[in-house]
Amino acid sequence: MELPRWNCCGTVHALAKDDVMHHLAPVRVLLRVEEAVEAGLVDEPRVVTLCAMCYNTLKRANHLYRNDSDKRRVIESIMEKENRPYGGKAEVIHLLELLSELGWGKISERVERPLEELRVAPYYGCLLLRPRGFGVDDPEEPRIMENLLEALGAEVVDIPFKSRCCGAYHTVFMKEEAAELSYKILRQASEMGADLIALSCPLCMFNMADRQGLIGRLFRDFKGIPVLYFTQLMALAFGLEEEAHLEENNPDPRPLLRERGLWR
Amino acid sequence: MPLGSGETLRLGEKLKPFRERVKELSGEDVGLCYQCGACSSGCPLTDEMDLLPSTVMRMVQLGVEEVLDSKTIWICSSCFTCQVRCPRGIDVANVMEALRQLVLRRKYDRVSIDLLPPEELRELPQIALVSCQRKLTG
Amino acid sequence: MEKEGKMVTIYVMGKKHRVPAGLTIMKAMEYAGYQLRRGVGCRGGFCGACATLYRVKGSYKLQAALACQKVVEDGMYIVQIPFTPAEKKLYDIEKIRPTPNVFVEHFPEITRCLSCNTCTKACPQDLMVMDYVQAALRGDIEKVVELSFDCIACGLCAIRCPAEIVPYQVAQLARRLYSKYILGLSEEVEKRVAEVEEGKFDEELEQLKRLPPEELRKRYESREIRV
């Protein structure tokens, strides 16, 4: 279930050691998780994120709050209007971790339409894996998304740029430079024979999918390649076509999927 | 005069406050860096930078405050590839953030969202705008 | 006036005054001799003109209130904020649409929100301002409307916001979009507007215009308010 009350986590963890202000947003979200338990809405104070940036920001803020008692005191005093301070009990996990915990076998059992002969390049980007100590998997040799895709019956295409920066927020004021970064990743995936790319982060999605028009204008050899959230591929494999909302994706992955017999 | 001679050390002493401030703000012991260049070789954004990340590290070690004028500190997107690869365990992204903060805290904004045309604002996702504001404005 | 004319000390922009306890800040200032030209309006807590910041002796808290509503406390340091510098954003409600990015498009600075909740603390209407700014950031028009309905645009949230957001303008856009595109037209309003245009009330208005002030006052005071 969705938290009944939440705010934007701030998307990036404030790295300056004396910064407190920018940790308020994620700590407030973590407090809402404890409140949801108190309200009897959920049993455990666990918050699952789909976005890599939320995952990173919430997890790091949680770590800081639990381990830095001075900052914790300041944060508590600024959050005085809350009914109570955050108790440090929330656990932040990414959906991929939850799935891994459930077991890939269980995922396979649910598959109604295996993604056979679909060559998928998993793309992690930065914050699912880094910094070291805060990722969902080993930062240099991740397997978690590969495991999921294999459980869904897809063929995994391992691209060296799977955890290279997509350009991130530079898409706002340096969009051509950001587009070049995404282009290199997309081109590599195409060259290595991937049909499409699977990812988790909405900023990566914007840079690597929505910006393909711009990429095409900047790089004449660029042909375009569909990019899907890994959850969309799950929906497809589980036979939940409508839930996949593939009509939202740009470029449209449906012609390709139709070709492979995976779309009506 | 060879490196590490009295002259160099005195220069270092004079510029120490800057180095100490960066250490304090980043939480990183910049003195640990032995200039292997792993951060620079793994960095996906060096094409856009004027100084390599390892050069930035060296300048901070020497206390050269002019490093604040560098384009590099604004180009770093905190992807943390350097953090994963640094053999000395330095989180270079933290150092970059400290340098940005030293500039941003002097009433300087690197970008102004007011200047974005409405068609861009309609298109850009919140996640891009929020992160951009947090990284590049004070 | 309160029992035995109890007096308290207040400081208006640093100047000390003894004023009767029980007065509102606004009345206390007038008692002390200030003639209010700005920072005063309806005197009933509705117009938002009398935004005021204060601290009370012994407390670090910088508090916000409407001068016409808040009763003076002993040792209160007061300054009125009669105007909030804020650009009036121009948009044509006929042309804009209730899209998820509509708030970001017109008020991109909402992406600077820190969730620090200072706006909520400053709101004299006790609104959850931060929560509605956050709802605006994610394009939830209905939530913004629900949370901001009682906003009187006094400007205190905007004065206190460290991210330099002007929350009440964001809320106003939400309510306009909601009325225009989500709520739909109200039959009653349509009917009444038609009646007004047909001149149904012209004669009555003319009569009122000709009434002497005393009679107008009498009618005003004895008016019936039906909800």
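Residues numbered from 1 in each chain as written. Chains lettered and ligands numbered in written order. Predicted model: local features only at pLDDT ≥ 70, side-chain atom pairs only at ≥ 80, totals over all residues. Heavy atoms only, no water.

Asks: Explanation requested: the side chain of C:Arg112 in the structure shown.
Replies: Inspection of the secondary structure puts C:Arg112 in the loop between helix H2 (102-106) and helix H3 (118-122). With relative accessibility at 14%, the residue C:Arg112 sits in the buried group. Looking at C:Arg112, its side chain comes within polar contact range of the side chain of B:Thr137, at 2.8 Å. When residues no more than four places from it in sequence are discounted, the contact partners of C:Arg112 are B:Gln133, B:Thr137, B:Gly138, C:Pro162, C:Ala163, C:Glu164 and C:Ile165. (Helix = DSSP H or I, 4+ residues; strand = E, 2+ residues; numbered from the N terminus. Buried < 20%, exposed > 50% of the residue type's maximum accessible area, 1.4 Å probe, protein only. Polar contact = N/O pair within 3.5 Å; in protein donor to acceptor, adjacent residues only side chain to side chain. Contact = heavy atoms within 4.5 Å.)

Asks: Can you help me understand the domain arrangement of chain B in this one?
Replies: Frequently, the measure chosen for interface size is the accessible area removed from exposure when the parts meet. All names here are of chain B. Along its sequence, chain B is carved into domain 1 (6-106) and domain 2 (111-138). Taking only C-alpha atoms, the centre of domain 1 and the centre of domain 2 are 26 Å apart. Across the boundary between the two partners, domain 1 contributes five residues, which contact four residues of domain 2. Buried area between domain 1 and domain 2, both sides added, is near 400 Å², and the carbon and sulfur share of it is 52%. (Domains from an automatic or database assignment. Buried area = accessible area lost by both parts, 1.4 Å probe.)

Asks: In this structure, what is going on with the interface of chain A and chain B? I would like to understand it.
Replies: The interface is formed by 41 residues belonging to chain A together with 42 residues belonging to chain B. In this assembly, chain A packs against chain B so that about 3,500 Å² is buried in total across both faces, 64% of it on carbon and sulfur atoms. Three residues stand out in chain A for area buried against chain B, namely A:Leu15, A:Tyr169 and A:Phe173, and they jointly supply 21% of the buried area on that side. Note that A:Lys184 and B:Asp47 form a salt bridge whose closest N and O atoms lie 3.7 Å from each other. At the boundary of chain A and chain B, one finds 14 residue pairs in polar contact (both at pLDDT 80 or more). (Salt bridge = Lys/Arg side-chain N within 4 Å of Asp/Glu carboxyl O.)

Asks: Before we go on, may I ask you to explain the sheet that holds strand S5 (residues 76-80) of chain C in this structure?
Replies: Two orientations exist for strands paired in a sheet by backbone hydrogen bonds: parallel and antiparallel. Residues and elements named next belong to chain C. If you trace the five strands from one edge of the open sheet to the other, you get S2-S1-S5-S3-S4, paired in mixed fashion. Two strands lie at the open edges of the sheet, namely strand S2 (15-20) and strand S4 (63-66), each paired on one side alone. With strand direction ignored, the average angle separating the axes of adjacent strands in the sheet is 35°. Sheet topology note: the strand S3 (residues 51-56)/S5 ladder contains five bridges and is antiparallel. Directly across from Tyr 54, in S5, lies its bridge partner Ile 78. (Pairing = 2+ DSSP bridges. Axes fitted to C-alpha atoms, helices over the stretch in contact; angles between N-to-C directions.)

Asks: Which parts of the structure should I look at to understand the pairing of strand S5 (residues 196-199) of chain A?
Replies: Residue and element names in this part refer to chain A. On S5, burial covers both faces: Leu 196 and Ala 198 on one face and Ile 197 and Leu 199 on the other are all buried. Relative to S5, strand S3 (residues 119-122) runs parallel, the two sharing three bridges. Its bridge partner being in S5, Pro 122 is matched across the sheet by Ala 198. Both S5 and strand S6 (residues 227-229) contribute to a ladder of three bridges, which runs parallel. When the bridges of S6 are listed, Ile 197 appears paired with Val 227.

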